[in-house]
Amino acid sequence: MSAAARWPSEGSRLATLLGKLDIRQPEDLLLHLPLRYEDETRLIPIGQTQPGVCAQIEAEVLSCEVTRPRRQLLARLRDDAGSEIVARWLNFYPSLQKQLAAGQRVRLFGEVRGGFFGVEMVHPRLRLVDKDTPLPQALTPVYPTTAGLGQPSLRRLLDAALDAASLDDPMPATIRQRLALPEFAETLHALHRPPPDADARLLEEREHPAWWRIKFEELLVQQLSLRRAYNARRAYNAICLPPQRTLTRALLEHLPFALTSAQQRVIREIAADLAAPHPTQRLLQGDVGSGKTIVAAFAMLQAAENGCQAVLMAPTEILSEQHYRKLAAWLAPLGIGIAWLSGGRRKREREAELERLRSGECLLAVGTHALIETTVELPRLALAVVDEQHRFGVRQRLALRDKGATGSRPHMLMMSATPIPRTLAMTHYADLDVSTLDELPPGRSPILTRLASAARREEIIARLKTACQNGQQAYWVCPLIEESEALQLKTALETWEALKEALPELRVGLIHGRLKAEEKTAAMAAFSAGETNVLVATTVIEVGVDVPRASLMVIEHAERFGLAQLHQLRGRVGRGAAQSSCVLLYEPPLSATARARLRVIFEHSDGFAIAREDLHIRGPGEFIGARQSGLPMLRYADLERDTELIEPARELAGELLAHHPEAVAKLLARWLGHREGLLNA
Ligand code: ADP
Ligand code: MG
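Owing to the predicted nature of the structure, the values given are computational and were not obtained by experimental measurement.

**What to know about the overall build of the protein**
- Each helix and strand in the protein was counted, giving 25 helices and 21 strands.
- With respect to the three principal axes, the spread of C-alpha positions in the protein is 100 × 65 × 40 Å.
- For the protein, the residues scored as buried account for 53% of the 681 residues in total.
- Relative to all contacts within the protein whose residues are 6 or more apart in sequence, the contacts with residues 24 or more apart total 75%.
- Just so you have it, the protein exposes about 30,800 Å², and 52% of that area is on carbon and sulfur atoms.
- Positive and negative charge centroids in the protein, built from 84 and 82 side chains respectively, lie 3 Å apart.

Structure, rendered in structure tokens:
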């Protein structure tokens, strides 16, 4: 009999309930694994049960009654050794009382307590038995389930599926032996029907060899499916951009600084990608201030020296403008122009830029998401760079990709200053090549971080005044108010007013998201030029803003910010040679998590270390956030606990894809089935 024959028909109540558990095919059911186990293979004499521990007892009903005024069903029972126990039900059907007739032999399973009536069990699981009813031969699995679908029904379905489904093992035997993994059928039996002598603790803690196989296989399937998506995208054509070393060499000669060796390595990696006839799909990770922009400039020039177009997309107007200015300055000595598209530019300027791009006269452009508008024509687009890529949605990245020159897809370089730990990168970015800038440019002095209670605000303001009178510049970051943008704006204005009043001898600027583009530009320009001493800002300055002379930052209500955000904000200072400092003002009392977060920021300056701690505090699901909406989440493997399985899974994925396509197909069908489609975006 095939498993499919017994499968509930579509639309039936059972199918709907299973659907809620994301079980849509027999394979899903087989991989719906127990949360824990109950031992019904043994009977414990009532006299030997322990309070607080689950036990199964067998006894005869002495009496059974419904009590008042608090309506309860109360049964008194005695086992063969003569010990008594009381079973209590607070909710019950009348039929239960009938079942518990005096003299009836029953098995009760539940937690034993010492109660008012002596030893008792509340709401035990009940089974009517005879003197010779055999005991189960396996531990009883307890599955995650949903209202309306009881454990017994799930167990029955699983028993049927285990008997009927073909449990052949797609993993080649040689590989299984090499990795010392149990066989698939053996694995499922060990998990769904563990024998009475199985180590329940190993099973529950998911350390049993059968669990290794499951977790390993889950990670393997994740790698396979991400690599397949990668290969599918790689199959498209892209314009080859071999290094001509005309413009890139000129840029190198004119640069005011020497590249770090990390930058040189990453530039080489990207240069090799761009020379290939298929689209680059690379993520460039590098901590705040590691110098990603210049890497992007080299890549863009490699496109230009092949007569092709390249764009750089940034998430905010402030950042796009800053990139524009920086790139324009680097490119000016090379005699190559760059267009700038952002929502805030005047219509006439915008039209002129669009025309220069449409005609191909201009090869390079920077901008916000204004770049993906339909009016933007880039007939020779061969490379798209996305800065702070996590700030963009999948759709925006795809829209940019679709702007590629006819018959090809552009090379895509994604940049991110939110470094993620290596293990997480290996699992969640397995569909990308990853380059890492693991070195900061020389000459940066470490940022001094201090924590101060909001009660010391006056004192901080006084210090800020002295610092600014000595020629330093400062950011004052307003509290984040996630619930209300209006309130956030109000707070920013109030903070600005208050600081102007407290610091009459200084010039205090203000920047926030609601300002018009020109106003933002003016506020940033005045601060960059040193015309304002203090810049009161909301989180609009969080990403990318680069004013090397600013060396002081105060963050109000630091406890409201996330770790990555604090790290990004703090990264706005420490960009020049001057000693920089960052004061985190917090409002006591702090919650335990807020305290833990502030401690991490206080103790660490390296983005990777902070990301690791963040992962630890928040767990991978939340940490990864929206980027992964299309990815199958890991149900069983735990990226923190099971790190040692990741590397072998990755290696094996490569081997299977190269040599065992049929195994790949079976594994993907078994684990992802209907879900695989989600991945190809
Ligand atoms: P991020 O990686 O955060 O985007 P940026 O590209 O904004 O960093 O670079 C930070 C600052 O460091 C910029 O002012 C940039 O011009 C400068 N910079 C980049 N590379 C170097 C280098 N090799 N030596 C000195 N300064 C550098
Ligand atoms: Mg940047």
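Text resumes after the structure shown.
**Describing the domain arrangement of the protein**
- Examined at the domain level, the protein breaks down into domain 1 (43–134), domain 2 (247–437) and domain 3 (447–604).
- For domain 2 versus domain 3, the separation of C-alpha centres amounts to 29 Å.
- Contact residues are listed per partner, giving 17 residues for domain 2 and 18 residues for domain 3.
- Taking both partners together, domain 2 and domain 3 bury about 1,300 Å²; carbon and sulfur atoms supply 56% of that area.
- Applying the counting rule to domain 2 against domain 3 returns one salt bridge.
- Here domain 2 is connected to domain 3 by five residue pairs in polar contact (both at pLDDT 80 or more).
- Partitioning the side of domain 2 that touches domain 3 into residue classes produces five nonpolar, five polar and seven charged.

**As for the site of ligand 1**
- Every one of the 18 residues lining ligand 1 counts as a neighbour, but Gly289, Lys292, Thr293, Arg444 and Asp546 are closest to it.
- The separation between a nitrogen atom of ligand 1 and a polar main-chain atom of alanine 258 is 2.8 Å.
- Here an oxygen atom of ligand 1 sits 2.5 Å away from a polar atom, N or O, in the side chain of threonine 293.
- Out of a free accessible area of 570 Å², ligand 1 has 88% covered by protein chains.
- Secondary structure elements with two or more residues in the shell around ligand 1: helix H12 (292–304) and helix H13 (317–331).
- When the residues that make up the shell around ligand 1 are grouped by side-chain class, the tally is six nonpolar, six polar and six charged.

About the thresholds
- Residues numbered from 1 in each chain as written.
- Chains lettered and ligands numbered in written order.
- Predicted model: local features only at pLDDT ≥ 70, side-chain atom pairs only at ≥ 80, totals over all residues.
- Heavy atoms only, no water.
- Helix = DSSP H or I, 4+ residues; strand = E, 2+ residues; numbered from the N terminus.
- Buried < 20%, exposed > 50% of the residue type's maximum accessible area, 1.4 Å probe, protein only.
- Contact = heavy atoms within 4.5 Å.
- Areas by Shrake-Rupley, 256 points an atom, 1.4 Å probe, with all protein chains shown as cover.
- Lys, Arg positive; Asp, Glu negative; His and termini not counted.
- Charge placed at Lys NZ, Arg CZ, Asp CG, Glu CD.
- Domains from an automatic or database assignment.
- Buried area = accessible area lost by both parts, 1.4 Å probe.
- Salt bridge = Lys/Arg side-chain N within 4 Å of Asp/Glu carboxyl O.
- Polar contact = N/O pair within 3.5 Å; in protein donor to acceptor, adjacent residues only side chain to side chain.
- Nonpolar A, V, L, I, M, F, W, Y, C, P; charged D, E, K, R; others polar.
- Near = heavy atom within 4 Å.

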